[in-house]
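An overview of the molecular structure
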Amino acid sequence: MIYTVTFNPAIDYVVHTDAMQVGMVNRSHTEEIYYGGKGINVSMVLKELGLESRALGFVAGFTGAAIEKGVQAKGIATDFVHLQEGFSRINVKIKSGEETELNGQGPVIGAEAVAELFRKLDKLRDGDTIVLAGSIPSTMPSDTYEKILAHLKGKQIRTVVDATKDLLKNVLQYQPFLIKPNHYELGELFEVTLHSHSEIEAYARKLQEMGARNVLVSMAEQGALLLDEAGICHICGVCQGTVKNSVGAGDSMLAGFLAGLETGDYTDALKLGTAAGGATTFSESLAERAEIDRLLLRL
Ligand SMILES: Nc1ncnc2c1ncn2[C@@H]1O[C@H](COP(=O)(O)OP(=O)(O)OP(=O)(O)O)[C@@H](O)[C@H]1O
Ligand SMILES: O=P(O)(O)OC[C@@]1(O)O[C@H](CO)[C@@H](O)[C@@H]1O
C-alpha cells in the first residue's frame, strides 16, 4: 500500500484575472476550487493511474471537512487526524499572465495530534510506501519528517520525500528511497542558483552522498533529471503543449514516477512521471489518464 501524508492540505482557490495590480481592487473572470496539498495531489494522480493509496495528514474546520469529503469523493481512502481548532488553509493561485501563489500557514498541530498520526503510521507494514510531501505549519519543528522516518526505521518501508530546506535536508540521514526537489529547491539547499544539467547533476550527487538513494530533480519546462541509486543520470525532456495550470505538476510527476516503477525501470518511471507532470500543466486541474497516455506516446 502507498500512504501519502499531507501535514498541510489546502483548498486551492484558482482565480484568473487579466492584469493583477497589487494594492488595487482586482476582479477575476473565472475561478476554480480544487482539494489539494502535495500528498493529496499524489494520491489523486496515483488513482488516475490505477493505483490505490491512503491519504493521511491533518484536517481542521469546515475547510478540512470539505477537503476530506472531496478526496473521498475521488475514491481515495483517507485516515486524517481531525484537529479540534483552526481550519485547513485556502491557498490562492492567481493566474494573471504568470502564476502567483499565496499559500496559507495552516492550523496549529499539537503534540497529541502528531502522536495520533504516529499511531496511524504504526499500521504500515514491510513493503509499504510512504510519501511525505509538502510544507508543514510554521509552528512545527523542521525535524518533523525526520522523526517520522526515525519512527519507521525498523520496517522495510519505501520512503519518498518532496519537501524543501531543512525539512528535506534533515531526512537524508535515513536514506530516503526517493526525493524530488525542483531545481530551485535543490539550489536553495546549497545557496546556489543552478542552470545547466551538469550543475544540477553535481548537486544531486551531493544529496546522494548525504543519504538520498534516488534524486529526482524536476525543472519545469526544462524537463527532469534523475540520479538513480546506481549513480546513473537519466535526463528526460518535456512534453509539448499549452500551459494552463502548472500547480501540482511536481506532485503528478512523483505519482507518475511511482506508478512507472510498478511495471518498469527508472527510464520508464521517469517517462511516466514526465507525462503526468505535463498532463497536469496542460490542464486546469490535475492530470487525467487519457492525456497522460497521449503524452507518453510522444516521449
Ligand atoms: N511548462 C511545462 N511544459 C511541459 N512540462 C512541464 C511544464 N512545467 C512542468 N512540467 C512537467 O512537470 C514536471 C514537474 O514540474 P515542476 O518542476 O514545476 O515541479 P514542482 O516545482 O515540484 O511543481 P509543484 O510544486 O507545483 O507541484 C517537470 O519536470 C515537467 O516534466
Ligand atoms: O505549501 P506547500 O505544501 O509547499 O504547497 C502547497 C501547494 O501549493 O502544493 C500543491 C501543488 O504542488 C497545491 O495543491 C498546494 O496549494
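Because the structure is a prediction, the values reported are computed rather than measured.

As a further point, take the site of ligand 1. In the region of ligand 1, 24 residues are neighbours, and K38, S218, A220, G223 and G250 sit closest. Within the contact set of ligand 1, an oxygen atom lies 2.9 Å away from a side-chain nitrogen or oxygen of K38. Contact with the protein chains hides 87% of the accessible area of ligand 1, taken as 630 Å² for the molecule alone. Listed by contribution, the elements that provide at least two residues to the shell around ligand 1 are α8 (249–263) and α9 (266–281). Counted by class, the shell around ligand 1 contains ten nonpolar, ten polar and four charged residues.

Take the site of ligand 2 next. Near ligand 2, the surroundings consist of 15 residues, among which D12, K38, K93, S135 and D251 are the closest. One of the side-chain N or O atoms of N91 is found 2.8 Å from an oxygen atom in ligand 2. In this structure, D251 approaches ligand 2 through a side-chain N or O atom, which is 2.6 Å from an oxygen atom. Among the secondary structure elements, those contributing two or more residues to the shell around ligand 2 are α1 (38–48) and β7 (89–96). Sort the elements by how many residues they give to the shell around ligand 2 and β7 lands first, with three residues. Taken together, the residues that form the shell around ligand 2 break down as one nonpolar, eight polar and six charged. Two domains share the shell around ligand 2, each providing at least three of its residues, namely domain 1 (1–17 + 29–166) and domain 2 (177–299).

Applying the stated rule across the entire model yields four aromatic pairs. For the pair F7 and F58, a centre-to-centre distance of 5.1 Å together with 45° between the ring planes defines the contact as tilted. Highlighted residues: F7 in the loop between β1 (2–6) and β2 (10–16) and F58 in strand β4 (residues 53–60), separated in sequence by 51 residues. Of the two residues examined, F7 and F58, each falls in the buried class.

With that out of the way, let us pick up the side chain of R89. Mapping R89 onto the fold places it in strand β7. D12 provides the closest opposite charge to the buried, salt-bridge-free R89, at an N-O distance of 6.9 Å. In this structure the side chain of R89 is engaged in a polar contact, spanning 3.5 Å, whose partner is the backbone oxygen of P9. Apart from the residues lying within four places of it in its own chain, the contact partners of R89 are N8, P9, A10, I11, N103, G104, Q105, G106 and S135.

The next thing to look at is the UniProt feature "domain: Carbohydrate kinase PfkB" (unreviewed entry) in the chain. The sites that UniProt annotates as "domain: Carbohydrate kinase PfkB" (unreviewed entry) are residues 7–286. As a span, residues 7–286 carries 35% helix and 23% strand, and end to end its C-alpha atoms are 20 Å apart.

According to the domain assignment, the chain contains domain 1 (1–17 + 29–166) and domain 2 (177–299). On a C-alpha basis, the centroid separation for the pair domain 1 and domain 2 is 20 Å. Counting residues at the interface gives 27 residues for domain 1, matched by 31 residues for domain 2. Summed over both sides, the interface of domain 1 with domain 2 buries roughly 2,500 Å², with 63% coming from carbon and sulfur. Where domain 1 packs against domain 2, one counts two salt bridges.

Reading the values: rules and limits
Sequence order as written defines residue numbering, which begins from 1 separately in each chain. Chains and ligands are labelled by the order in which they are written, letters from A for the one and numbers from 1 for the other. Local features are withheld for residues below a pLDDT of 70 in this predicted model, meaning they are given only at 70 or higher, and side-chain atom pairs are given and counted only at 80 or more; totals for whole chains, interfaces and linings count all residues. With hydrogens and water excluded, all non-hydrogen atoms of the structure serve as input to the side-chain values. Proximity criterion: a residue is near a molecule or strand once any of its heavy atoms comes within 4 Å of it. Two N or O atoms count as a polar contact when they lie within 3.5 Å, although within protein this holds only if one can serve as hydrogen donor and the other as acceptor, and sequence-adjacent residues are included solely when both atoms are side-chain atoms. Each accessible area is a Shrake-Rupley result for a 1.4 Å probe, and residues are judged covered by the shown protein chains and nothing else. Working definition: helices are DSSP H or I runs of at least four residues, strands are E runs of at least two. Numbering for both runs from the N terminus. When residue character is reported, Ala, Val, Leu, Ile, Met, Phe, Trp, Tyr, Cys and Pro are called nonpolar, Asp, Glu, Lys and Arg charged, and the others, Gly included, polar. Here the bounds of each domain stem from an automatic or database domain assignment. Pairing of aromatic side chains requires ring centres within 6.5 Å, counting the rings of Phe and Tyr and the six-membered ring of Trp. Pairs whose planes differ by under 30 degrees are stacked, by over 60 edge-to-face, and all others tilted. Note on classification: 1.4 Å probe, protein chains only; a residue is buried when its accessible area is under 20% of the maximum for its type, exposed when over 50%, partly exposed between these limits. By the counting scheme adopted, Arg and Lys are positive, Glu and Asp are negative, and His together with the chain ends is not counted. By convention in these notes, a salt bridge is any Lys or Arg side-chain nitrogen within 4 Å of a carboxyl oxygen on Asp or Glu. Whether two residues are in contact is decided by their heavy atoms: any pair within 4.5 Å suffices. UniProt positions are given in the numbering used here, feature names are shortened, and annotations may be inferred rather than shown by experiment. What counts as buried area is the accessible surface, traced by a 1.4 Å probe, that two parts surrender upon association, with contributions from both included.

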